Amino acid sequence: METSTLLILALIVALVIVYRICKPSPFSNIPGPQPKSFMLGNLRELLQQPAGLAEFEWQRTYGDVVRFRASFGTDQLMVADPKALQHVLQSSGYKWRKSPVRREIARLTSGKGLAWADGDVHTRQRKVMLPGFRAPETKFFVPFFIGCAEAMCSGWKGTIARTGGQSHVFNLPEHVSRATLDAIGQAAFDYDFGSTNNHENELANFANAFSAPPDIAVLMLDLFRHVHPTIMEFINDHNPKLKALHRVATVANNVASGLIAQKMEDIKGGNPNNDIMTFLVQSNMSENPKSRLTEEELLAQMRTLIFGGHETITSQYHLLGSIRQAASKHHSVFLTDPVLSEISRNPELQARLRAEIRAAEETIADRGETEFTMQDFEDMPILNAMAKETLRYHPVAIHLYRTAYEDDVLPLLKPIVGKDGKIISEIHIPKGAQVIGSVSAYNRNKDVFGEDAFEFNPDRWLDGRVKAEVPLGVYANLATFASGIRSCIGWRFAVTELQAFIVVLLRNFELETTPKLAKIRRESALAMVPTIEGELDKGSQLPLKVSLLSKVEEGFESEPICTEI
């Protein structure tokens, strides 16, 4: 198989080179960086440097649409222009589709579920799944989120008690990853992974197997876009290096089969639960038989929920971290994590959040209740501002790969100057061209988020400086959850879970920086994850000092908090 793969790769390389020589680039007049190598072009910068680093530099130098080189001299576009992204993601339907290579990655991790599906299949699957993710259904999940966060906090308190002190340094990813996986299990499937209590199972370890791609993977990912999906599937299904993924798929399918059977029995017996899979099975049973999901598709949705939900929200917590310690300064590059560097010096933001939480607790007590609801979260402006700014400044999904399925014209909000000196207000796109929507660069677009877009400042959401001239996305005009027909179906789930964990953490602990965070690296993998420079072999790290709250702080003044990069 190894020899066959190399032969196929060699054939692809030859065809790509011939194609590149014979057909001029349609983007030759678009400015962009010089390639660092012929074989990989600018892909090393884009995919192996800390997340967003290349795009920020390109955006500052060339504007919101940039031509860059992929493998063997082929041209692609990096897009951060609001109007262009709106057109590709939101206005064009299935004229622009998810890159075949990204669909194949989704198939390997999640099966032929919503993340893989396209066209009519995607429309059908999304219609069946949507009822489980609306606001009325999401409100049922808040107790699960709070319960899993409290279980994590209880474990931390036990560790602190055993040390005999008032604080302890925890590696946040290790603990939050477990708690969020349990929350996904309970809210999505009414299934207990037992991860917070250190119960090991193969399915619980599924979402932790990814890292930044090496050169050969970068090359293969790019070249495979020239390969028919059927051939890609055959190669990957027989690749011995992917045995672990295939094994986990079997485990996940076995678990899902049992859960689906149980859900159907509960529904027929008139005793359904309020979890996403129950809503999905109910929706599927009510659909026209021709519109229903197949058994394979139902099983794939479970894997989609585990990988998509767990990775998205876990990575976001890793970054938000402690509110005061989301990530840190990376000395070798110009990125400076605002939450760590500014809040570690200024406790006002954490105090403002905690005061808002306490005020909300008083309101809850006045109505004779004890726990937060989704509406309580929505009524907390500082909490919402913190969540929005974290999702803006630290998006987990950093790239949106789209391929044009017909000739198109890409409109620009902000014209660029071509290499010939002429103004370009729209770009002609030939069928088959690929563009990469840069979530990181768009989320720091000054035309949308203000001149201080490269600063972390939650108060931008409180003083109205965010502009929505071109509506984009499903939440706060951000690209973090994509937009349009392929927007993240679980965005409301993710935001609500994020809010719940913030509330629980801050009503239990004071969170502080540690020296290691001065070397944080925003690693670019399938999702952005925090690592420590020089310690990549140790995986995801975000060590925090967690201290018990000894008293209610009072008498602080509320002031804007921001950090400039």
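Check the entry above for the structure.
Residues numbered from 1 in each chain as written. Predicted model: local features only at pLDDT ≥ 70, side-chain atom pairs only at ≥ 80, totals over all residues. Heavy atoms only, no water.

> What's the story with the overall build of the protein in this structure? I'm lost.
When its secondary structure is counted, the protein shows 21 helices and 14 strands. Counting the 565 residues in the protein, one finds 56% classified as buried. Within the protein, residue pairs in contact and separated by at least 24 positions form 75% of the contacts whose partners lie at least 6 positions apart. (Helix = DSSP H or I, 4+ residues; strand = E, 2+ residues; numbered from the N terminus. Buried < 20%, exposed > 50% of the residue type's maximum accessible area, 1.4 Å probe, protein only. Contact = heavy atoms within 4.5 Å.)

> Quick question: what am I supposed to make of the environment of Leu114 here?
Structurally, the position occupied by Leu114 is in the loop between α5 (100-110) and α6 (119-129). For the pair Leu114 and Gln301, spaced 187 residues apart in sequence, the C-alpha separation works out to 6.6 Å.

> So what exactly am I meant to see when it comes to the pairing of strand β5 (residues 399-404) here?
Look at any regular strand and the pattern is simple: side chains alternate between the two faces of the sheet. β5 sits mainly inside the fold: six of its six residues count as buried. Neither face of β5 is left uncovered, since the one carrying His399, Tyr401 and Thr403 and the one carrying Leu400, Arg402 and Ala404 both have all their residues buried. As paired elements, β5 and strand β8 (residues 434-438) share five bridges and run antiparallel to each other. Bridge pairing in β8 links Thr403 to Gln434. (Pairing = 2+ DSSP bridges.)

> Please explain unusual backbone geometry as it appears in this structure.
Note: most residues except glycine have negative phi, and most peptide bonds are trans. A positive phi angle, close to 55°, is found at Phe72, a residue other than glycine. Counting through the fold element by element, Phe72 comes out in the loop between β1 (65-69) and β2 (75-79). Phi is positive for Ala476, close to 60°, though the residue is something other than glycine. A relative accessible area of 23% means that Ala476 is categorised as partly exposed.

> What exactly am I supposed to notice about the pattern of salt bridges here?
A side chain of one charge can pair with a side chain of the opposite charge when the charged atoms of the two come close. Under the definition given, this model contains 26 salt bridges. Ionic contacts of the salt-bridge type, sharing partners, join the residues Glu389, Arg392, Asp452, Arg460, Asp463 and Arg465 into one network. (Salt bridge = Lys/Arg side-chain N within 4 Å of Asp/Glu carboxyl O.)

> How do you make sense of helix α18 (residues 381-393) when you look at a structure like this?
Three or four residues apart is the spacing at which side chains of an α-helix point the same way, because the helix has 3.6 residues per turn. Between the first and last C-alpha of α18 there are 18 Å, a value that for 13 residues agrees with the 18 Å anticipated at 1.5 Å per step. Counting buried positions along α18 gives eleven out of 13 residues, so the element sits mostly inside the fold. Buried within α18 we find Ile382, Leu383, Asn384, Ala385, Met386, Ala387, Glu389, Thr390, Leu391, Arg392 and Tyr393. (Expected span 1.5 Å × (residues − 1).)

> Even after reading the chapter, I still don't get helix α21 (residues 491-506), so can you show me in this structure?
If you check α21, its first and last C-alpha atoms are 23 Å apart, about what 16 residues at 1.5 Å a residue would give, namely 22 Å. Across the 16 residues of α21, 15 count as buried, placing the element largely inside the fold.

> Looking at this structure, how should I read the sheet that holds β5?
Either a parallel or an antiparallel arrangement is found when strands of a sheet pair, and the pairing is made through backbone hydrogen bonds. Read across the open sheet, the five strands follow the order β1-β2-β8-β5-β3; overall the sheet is mixed. The open sheet has two free edges, formed respectively by β1 and β3 (96-98), since each of these has just one partner strand. Shown here is a sheet whose adjacent strand axes are inclined to one another by a mean of 35°, direction ignored. Bridge count for β3 against β5 is three bridges, and the pairing is antiparallel. Following the sheet pairing, Arg97 is matched in β5 by Thr403. On the sheet, helix α3 (residues 53-62) packs against β1, β2, β5 and β8 and is oriented at approximately 120° with respect to β1. The strands touched by helix α4 (residues 82-91) are β2, β3, β5 and β8; relative to β5, the strand with the most contacts, the crossing angle is about 65°. (Axes fitted to C-alpha atoms, helices over the stretch in contact; angles between N-to-C directions.)

> Is there a simple way to explain the environment of Ala151 in this structure?
Tracing the sequence through the fold places Ala151 in helix α8 (residues 142-163). Look at Ala151 and you get partly exposed, because its relative accessible area is 34%. As a C-alpha pair, Ala151 and Ala179 span 28 residues in sequence and 7.7 Å in three-dimensional space.

> Explanation requested: the packing of helix α16 (residues 348-366) against α18 in the structure shown.
A pair of packed helices is characterised by two quantities: the angle between their axes and the separation of those axes. Where α16 meets α18, the closest approach of the two axes is 8 Å, and the angle between their N-to-C directions is 130°. With respect to α18, the element α16 is oriented oblique. Where α16 abuts α18, its residues Leu349, Arg352, Leu353 and Glu356 lie against Pro381, Ile382, Leu383 and Met386. Its residues placed into classes, the contact of α16 with α18 shows six nonpolar, no polar and two charged. (Parallel < 35°, antiparallel > 145°, perpendicular 65-115°, else oblique. Nonpolar A, V, L, I, M, F, W, Y, C, P; charged D, E, K, R; others polar.)

Keep in mind these values describe shape, not function.
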